[in-house]
Amino acid sequence: MRIGMGYDIHPLGAGRKLILGGVEIPHDKGLLGHSDADALVHAVCDALLGAMGEGDLGRHFPSSDPRYKDISSLTLLKEVAGLLARRQYRLVNIDSTIIAQAPRLGPHLSAMAKTMAEVLAVDPSCINVKVKSGEGLDAIGHEQGIAAQAACLIEGLPGK
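Here the structure is a predicted model, which is why all the values come from computation and not from measurement. (Residues numbered from 1 in each chain as written. Predicted model: local features only at pLDDT ≥ 70, side-chain atom pairs only at ≥ 80, totals over all residues. Heavy atoms only, no water.)

Under the local residue numbering, the UniProt record ascribes the feature "binding site: a divalent metal cation" (unreviewed entry) to D8, H10 and H42. A maximum C-alpha distance of 10.3 Å among these annotated residues, which run over 35 residues, shows that they cluster at one spot. With respect to the element layout, D8 can be found in strand β1 (residues 2–13). Taking relative accessible area as the criterion, D8 reaches 16% and is therefore assigned buried. Residues within four places of D8 in sequence aside, it is in contact with A39, H42, A43, I146, A147 and A148. Looking at D8, its side chain comes within polar contact range of the side chain of H10, at 2.8 Å. Setting aside chain neighbours within four positions, we find H10 in contact with L31, L32, G33, A37, A39, H42, G145 and I146. (UniProt positions renumbered as here; feature names shortened; annotations may be inferred. Helix = DSSP H or I, 4+ residues; strand = E, 2+ residues; numbered from the N terminus. Buried < 20%, exposed > 50% of the residue type's maximum accessible area, 1.4 Å probe, protein only. Contact = heavy atoms within 4.5 Å. Polar contact = N/O pair within 3.5 Å; in protein donor to acceptor, adjacent residues only side chain to side chain.)

Spelled out as structure tokens, the structure:
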């Protein structure tokens with residue numbers, strides 16, 4: 001058994017779609033970044049990569065590489081899932097938290113879990129997504145950005 005942790009944060013800005021957990025969320029701002037800036041999927045990828053001892057998202061998909069400009073973070077998650085399989089690990093579970101003041105994300109959490117579970121080829125019950133507000137504090141509380149944290153548990157397949 002191996003445990004991984006991931007964290008990501010992106011600023012909010014006009015002219016972008018808000019994508020979290022691979023789900024488009026209606027909002028007047030989106031997350032700014034080189035890819036689609038899906039902070040939740042990025043945190044999940046970092047947790048999985050960390051559990052495998054494979055560094056972080058930037059090591060595998062650097063923002064300096066034009067191939068990843070505006071790429072769906074679900075594509076990156078699929079690549080990480082492939083690495084997990086090649087390294088002979090199985091995902092046991094992911095627990096994640098989005099930290100956002102706005103918009104209200106509660107109605108979208110199950111869709112996020114389902115979307116990521118489909119990419120990872122696991123039952124949606126293996127993926128937990130929850131949300132906390134910024135309580136009006138700091139950049140997140142002032143609606144300047146959104147952050148996400150994730151923890152995962154993986155296990156080696158028989159023979160590993």
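Now that the structure is up, let's keep going.
Under the definition given, this model contains 9 salt bridges. Of the charged contacts, one joins R16 and D70 as a salt bridge, the two residues approaching to 3.5 Å between their closest N and O atoms. Taken together, the residues R16 in the loop between β1 and β2 (18–20) and D70 in the loop between α2 (57–60) and α3 (73–86) connect sequence positions 54 residues apart. Owing to a relative accessible area of 23%, R16 belongs among the partly exposed residues under this scheme. With relative accessibility at 48%, the residue D70 sits in the partly exposed group. (Salt bridge = Lys/Arg side-chain N within 4 Å of Asp/Glu carboxyl O.)

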